[in-house]
Amino acid sequence: FSQNPYDLWLQYDNIEEQHILETYKNQVSNIYLSLNSATGTVIKEEIQKAFKGLLGIEPKFDSKTPNIIISTLDKLDPSLQKKLPEISKMNDEAYVIQYISDSKDAQIIISAITEKGLLYGVFNFIKQMQLRNDLSKLSISDSPKIQKRLLNHWDNLDRSVERGYAGFSIWDWYLLPELIKQEYIDYARANASIGINGTVLTNVNSNALVLSPRYIQKLKALADVFRPYGIQVYLTARFSAPIETGDLETADPLNAEVKQWWKNKADEIYAAIPDFGGFLVKANSEGQPGPNNYGRSHVDGANMLAEAVAPHNGIIMWRAFVYSEEKPEDRAKQAYSEFKPFDGKFKDNVLVQVKNGAIDFQPREPFHPLFGAMPNTPLMMEFQITQEYLGGMSHLVFLPQLFEEVLEEDTYTQGKGSTVAKIIDGQLSNKKLTGMAGVANIGTAKNWTGHPFGQANWYGFGRLAWDPETSAKTIAQDWLKMTFTNDSDFVDPMTRLLLESREAVVNYMTPLGLHHIMAANHHQGPGPWVKDMPRPDWTSVYYHKAAADGIGFDRTSSGSNALEQYAPEIQKKYSDPATTPDKYLLWFHHLPWDYKMKSGKTLWYEIAAHYQKGVEQVEGMQKTWQKMQKYVNPQVFEKTNMLLNIQLKEAKQWRNACLLYFQQFSKMDFPDFIPEMT
Ligand code: GCU
């Protein structure tokens, strides 16, 4: 095997199926490539790498009799242009790949309006060979449905990574700008291959130092590396930066000097990096400074920064992850309460970035009620790819399943079918600006993500940011085939394993709508007993409310009424436990331990059954994995094996800890299937 984990899903091992290999070689050996730019070089190098690896050939470029033509639309012969799907009507990141059977010159045309589109087309073309598809049937026209497809690195300048489980930050600030690591280039390649077009390099809990001239030079060096791959760089902006740099005594967004400070800062950054993307801001959240410190609103803060970057086409991504211990309101309600009144008040270049759920990247949460509630404001989705609450470094969890579930949810805000996907891709209210962010799981680990299967989550995020209606199953299959092998004896059972892995983690951590019952601070293991924290909304007891009378958070009208933040259709369904889906039951209801579930069993029995099922699902994953040895690089096989052992041990810890803790309140016996626990 080669299957070098460093190469991620861009595995170009020699095609073993002889008939496919021969057919491909005949179809693709001679290339005409019209570009002489930096992106052209990237395309050329990628083709060389892929053809050498997959086909064992050196492709011939500039052939007079090419069988592949790779060209932007404007440089394509008009007779060929006519044969392509209506690319000119598509956006500037779109591409087509078309097999033309009646052409005497070429069989395969890859074309796009821009070079960036062409790069995406070439990656997809290579993927077709990785997937062993029939090239003579190619007729693909594709374009991203979302404009800003961004990774968010929670990387600090000292190279620690907040909630990172894959080593240190890959940004070697100390050695930049002089040292350009190969990893930067390969990072860009990997991202471009899945259509990611931007990266926020720094932590949302930000450090103003990154805005200093010295760091801008470092940033410029990275931006120069990423540019040919169509990737823009962004930074997090610390709201109090004008003070921390020592320049001003206030950061009040309405103060003229403050406004000028940010304008100058933006001009300075753009002078070095003309295509700098803009700023991501966490303000007045978890102790971060923000406009509220000066009695100003989020709109005041966001719009002030938006004005500074607007002349350069920059954007501001203003996070809606705000909650305050000073407010008595249910934490799940606070972002909506605070942001909804601002609908339509932000400048055109502001996106409000909303986490997928209202609490915090839990194994399962209902979709955030802000989706659909701000029709006049572009809302950007924030997913977390790093597994802060999903087993961190040791659990195999296929997150596209979680992302898909959220994106498919119907908000009903503009009638049936108003899915979260349609809100964030702008379809529902014709948004000009759209975006999706994923908190990165990347670090200096030799395989980038630590857990070998963390790569699937990075890959899957990219696919969903490109098209939020892509199915998790397709993503799983493509990733498995590209990363390991096309053999269906591997792909089929492993697809089932991936698709089940998310439900497994929900079962053994937080079944039936339970949430945030993790250990304090690190969030890895169980901690339903956590109560002594600096703030009540950081404790577990705040969320599960287990007591003699039952368990769960009442978010109906008899409780916090967070439910009122959703559309009437959802309110109606979820206000009654009998019609609330089991998966959200204890998110919305506080119910007695002997409450009769849809299954006819008691709530206590069902809680126990879910914890047990989660453990058994991990055992099932282990069994499946054992059969995969012959398809997988031995090191990856063994590492995954050992990690699954840890996952099983931890799943059992979760089950035992939570059930023993809750039993003090339920005072009910465990069902027979629960083993003896210590
Ligand atoms: C979570 C996480 C923090 C992070 C915060 C955020 O609370 O634990 O580390 O800073 O989310 O998204 O801002």
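Residues numbered from 1 in each chain as written. Predicted model: local features only at pLDDT ≥ 70, side-chain atom pairs only at ≥ 80, totals over all residues. Heavy atoms only, no water.

## A look at helix α4 (residues 115-130)
Taking 1.5 Å of rise per residue, 16 residues should cover 22 Å, and α4 covers 23 Å from first to last C-alpha, within 8% of that figure. Within α4, 14 of the 16 residues are buried, which leaves the element mostly enclosed by the surrounding structure. One or two residues past the end of α4 sits R132, with phi positive at roughly 65°. (Helix = DSSP H or I, 4+ residues; strand = E, 2+ residues; numbered from the N terminus. Expected span 1.5 Å × (residues − 1). Buried < 20%, exposed > 50% of the residue type's maximum accessible area, 1.4 Å probe, protein only.)

## Thoughts on the domain arrangement of the chain
Split into domains, the chain comes out as domain 1 (5-142), domain 2 (148-471) and domain 3 (507-553 + 590-666). Each of domain 1 and domain 2 has a C-alpha centre, and the two are 33 Å apart. Counting from both sides, the interface comprises 19 residues of domain 1 and, opposite them, 23 residues of domain 2. Summing the contributions of domain 1 and of domain 2, the shared interface buries around 1900 Å²; its carbon and sulfur component is 59%. Applying the counting rule to domain 1 against domain 2 returns two salt bridges. Of the charged contacts in the structure, one is a salt bridge between R189 and E46, with a shortest N-O distance of 2.8 Å. Linking domain 1 with domain 2 are 10 residue pairs in polar contact (both at pLDDT 80 or more), by the criterion used here. Every element with two or more residues in the side of domain 1 that touches domain 2 is listed here: α2 (38-55) and α4. Looking at the side of domain 1 that touches domain 2 residue by residue, the class counts come to 12 nonpolar, one polar and six charged. (Domains from an automatic or database assignment. Contact = heavy atoms within 4.5 Å. Buried area = accessible area lost by both parts, 1.4 Å probe. Salt bridge = Lys/Arg side-chain N within 4 Å of Asp/Glu carboxyl O. Polar contact = N/O pair within 3.5 Å; in protein donor to acceptor, adjacent residues only side chain to side chain. Nonpolar A, V, L, I, M, F, W, Y, C, P; charged D, E, K, R; others polar.)

## A closer look at the sheet that holds strand β3 (residues 95-99)
Taken in spatial order, the five strands of this open sheet run β1-β2-β4-β3-β5, and their pairing is mixed. Each end of this open sheet is capped by a strand with a single partner; those strands are β1 (31-33) and β5 (139-142). Adjacent strand axes in the sheet meet at a mean angle of 10°, parallel and antiparallel pairs treated alike. Across three bridges, the pairing between β1 and strand β2 (residues 68-72) is parallel. Bridging from a neighbouring strand, Y32 pairs with I69 of β2. Each of β1 and β2 touches α2; the most contacted strand, β1, lies at about 160° to it. (Pairing = 2+ DSSP bridges. Axes fitted to C-alpha atoms, helices over the stretch in contact; angles between N-to-C directions.)

## Description of the site of the ligand
Within the structure, the ligand sits among 13 residues, and E162, K282, R319, K355 and E388 are positioned closest to it. Within the side chain of R163, an N or O atom sits 2.9 Å from an oxygen atom of the ligand. E286 is positioned with one of its side-chain polar atoms (N or O) 3.1 Å from an oxygen atom of the ligand. Out of a free accessible area of 320 Å², the ligand has 96% covered by protein chains. Taken together, the residues of the shell around the ligand break down into three nonpolar, two polar and eight charged. (Near = heavy atom within 4 Å. Areas by Shrake-Rupley, 256 points an atom, 1.4 Å probe, with all protein chains shown as cover.)

## What about the nonpolar core?
Core analysis: the biggest nonpolar cluster contains 220 residues, and F51, F125, F226, W262, F279, W458 and F662 have the highest contact counts within it. Once you skip the residues sitting within four places of it in the chain, F279 turns out to touch L211, L235, A237, W262, I269, V309, I315, I316 and M317. I69, L84, I87 and I100 belong to the second-largest nonpolar core, a separate cluster that totals nine residues. (Core = buried A, V, L, I, M, F, W, Y, C linked by side-chain atoms within 4.5 Å.)

## Structural notes on the side chain of H153
Within the secondary structure layout, H153 lies in the loop between β6 (148-152) and α5 (182-193). A distance of 2.7 Å separates the side chain of H153 from the side chain of Y187, its partner in a polar contact. Residues contacting H153, with those up to four places away along its chain left out, are W171, Y187, T199, V200, L201, T202, N203, A440 and I442.

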